[in-house]
Amino acid sequence: QVQLVESGGGLVQPGGSLRLSCAASGIIFSIYAMNWYRQAPGKQRELVATITRGGSTNYADSVKGRFTISRDNAKNTMYLEMNSLKPEDTAVYYCNAKKTFAAPGPNDYWGQGTQVTVSS
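Residues numbered from 1 in each chain as written. Predicted model: local features only at pLDDT ≥ 70, side-chain atom pairs only at ≥ 80, totals over all residues. Heavy atoms only, no water.

1. Describing the sheet that holds strand E3 (residues 18–25)
Turning to step 1, where the next piece is worked out: As summarised here, the arrangement of the four strands in space is E1-E3-E8-E7, forming an open sheet in which the pairing is antiparallel. The open sheet has two edge strands with one neighbour each: strand E1 (3–7) and strand E7 (67–72). The sheet shows a mean angle of 15 degrees between the axes of neighbouring strands, taken without regard to direction.
Turning to step 2, where the next piece is worked out: Direction of pairing for E3 relative to strand E8 (residues 77–82): antiparallel, over a ladder of six bridges. Its bridge partner lying in E8, Leu18 is registered against Met82. (Pairing = 2+ DSSP bridges. Helix = DSSP H or I, 4+ residues; strand = E, 2+ residues; numbered from the N terminus. Axes fitted to C-alpha atoms, helices over the stretch in contact; angles between N-to-C directions.)

Right under this line is the structure:
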């Protein structure tokens, strides 16, 4: 019954912008830390951005100053605003919810991913 559904990916030119969304259901969204990961072909999955239940954010060095992570607890949705996109940003982007409290059950949930392609 737990679902994380990403949307907003697509093809964009270098220097362009995209806004990704992750809609969560089946969890108490407001008490989970939320993360965006990405994985390019032939590369390891990397953490792109995090946002805690208290709203504190952190970013990979490669996206600092260009990407902004946010969350709307009333809508059970997390966002990733991506600006000044580069070809090296091309990857499948995954939504992740991480449990930061002691309780039974899984510690992590994952979405299916959404493709972002940056190309002329």
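Alright, that's what it looks like, and here's the rest.
2. Re unusual backbone geometry
Turning to step 1, where the next piece is worked out: Although it is not a glycine, Asn76 sits at a positive phi angle of roughly 50 degrees.
Turning to step 2, where the next piece is worked out: Along the chain, Asn76 falls in the loop between E7 and E8.
Turning to step 3, where the next piece is worked out: Since its relative accessible area comes to 28%, Asn76 is described here as partly exposed. (Buried < 20%, exposed > 50% of the residue type's maximum accessible area, 1.4 Å probe, protein only.)

3. Describing the nonpolar core
Turning to step 1, where the next piece is worked out: Judged by nonpolar contacts, the single largest core of 32 residues is most densely connected at Met34, Trp36, Met78, Leu80, Met82 and Tyr93.
Turning to step 2, where the next piece is worked out: Those elements that provide at least two residues to this core are E3, strand E4 (32–39), strand E5 (46–51), E7, E8, strand E9 (91–99) and strand E11 (114–118). (Core = buried A, V, L, I, M, F, W, Y, C linked by side-chain atoms within 4.5 Å.)

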